[in-house]
Amino acid sequence: MSSPPNIDATALLGLGFSAIGLFLSLFFLLRRKFKDDGYFWGYLIIFLIALELGFKTMVHSRLFLQFPFFFAPGRFYNLLLYPTFLMFILSISQKRPLSNKWKWMLMAPLLGYALYQFGKLFFMSSETKLTILHSFYQDNRPGPFNYWSNLGTLLKTVIVPLLFLVPIAYYFLGFLRNSKSRPDKTLTLLLSTSILAYSLFTLTSNSIYRWLFGTTQISMIEWPVDIVFLSFMAALFCMVILLVNTGSSFFSTG
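Residues numbered from 1 in each chain as written. Predicted model: local features only at pLDDT ≥ 70, side-chain atom pairs only at ≥ 80, totals over all residues. Heavy atoms only, no water.

A. Region of the structure containing the overall build of the chain. Helix and strand counts for the chain come out as nine helices and zero strands. Secondary structure elements of the chain occur, N-terminal to C-terminal, as α-α-α-α-α-α-α-α-α. Counting across all 254 residues of the chain, residues that qualify as buried make up 45%. Across the chain, contacts joining residues at least 24 apart in sequence account for 80% of those joining residues at least 6 apart. (Helix = DSSP H or I, 4+ residues; strand = E, 2+ residues; numbered from the N terminus. Buried < 20%, exposed > 50% of the residue type's maximum accessible area, 1.4 Å probe, protein only. Contact = heavy atoms within 4.5 Å.)

B. Region of the structure containing the packing of aromatic side chains. For the structure on display, the rule yields 19 aromatic pairs. For the pair phenylalanine 85 and phenylalanine 237, a centre-to-centre distance of 6.1 Å together with 20° between the ring planes defines the contact as stacked. Linking phenylalanine 85 in helix 3 (residues 77-92) with phenylalanine 237 in helix 9 (residues 222-244), this pair joins segments that are 152 residues apart in sequence. Residue phenylalanine 85 is classed as buried on the basis of its relative accessible area of 0%. Phenylalanine 237 sits in the buried class, given a relative accessible area of 3%. (Phe/Tyr/Trp six-rings, centres within 6.5 Å; stacked < 30°, edge-to-face > 60°.)

C. Seen up close, the pattern of salt bridges. Per the counting criterion, the structure on display carries two salt bridges. Notably, a salt bridge pairs lysine 56 with glutamate 52, separated by 3.8 Å at the nearest N-O pair. Taken together, the positions of lysine 56 and glutamate 52, both in helix 2 (residues 40-61) and four residues apart, correspond to about one turn of that helix. Overall, glutamate 52 belongs to the buried group, its relative accessible area being 3%. Across the pair lysine 56 and aspartate 226 runs a salt bridge, and its minimum N-O distance is 2.9 Å. (Salt bridge = Lys/Arg side-chain N within 4 Å of Asp/Glu carboxyl O.)

D. Structural view of the side chain of threonine 202. By secondary structure assignment, the location of threonine 202 is in helix 8 (residues 182-216). A relative accessible area of 18% means that threonine 202 is categorised as buried. For threonine 202, the contacting residues outside a window of four places in its chain are Tyr82 and Thr157.

Here it is as structure tokens:
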């Protein structure tokens, strides 16, 4: 018999912002019929952050024990965020160095990995998923997992993000230099803050978790920390997209 869910304030926060992010992103994606009009990648950023937030909230609240079908070990949302950040920056850049064909070719390796992981939703039995979850909740670890001690997790949490952060910084700084209007400056400040905050948090989260655990001795403290941070990120990106759709624009209308 599965244990009851843990619906605390952190879980409510995560569920709320995950639902808002999924609703807004899908609303705008469907309204634009998934056309790449530049903002397509912005809506996709919100969608992926909302998925990541929802996953972490379901783990923290133990809701996956009630709905094991939706659990897929080896999630894909976080890895797809970095190329999506880059595609968004390229879309708002006046240079626009890549055609849509090359953008999707650049996305292809991580998109293929994402589809492979997504397939686990359907091809892994609920019994196997419950076994993985129950083993995880036994929590026999001496503190948070050290992501840098394993080549696979090091690749996904440090190396892949850094590969995308270099071109992101290059094209984003170029966009800032070319942007003249005040609405653009305001929105780019919000955007740069969001991307920078997410990137720095991802690269330093391993140390943050271990320091917090050493200070508080709270088991699995990384999950509520992630939920609060991702809720802030989802709110920030939703605010940017709402500003865009109420008159402010990254693109020149002249």
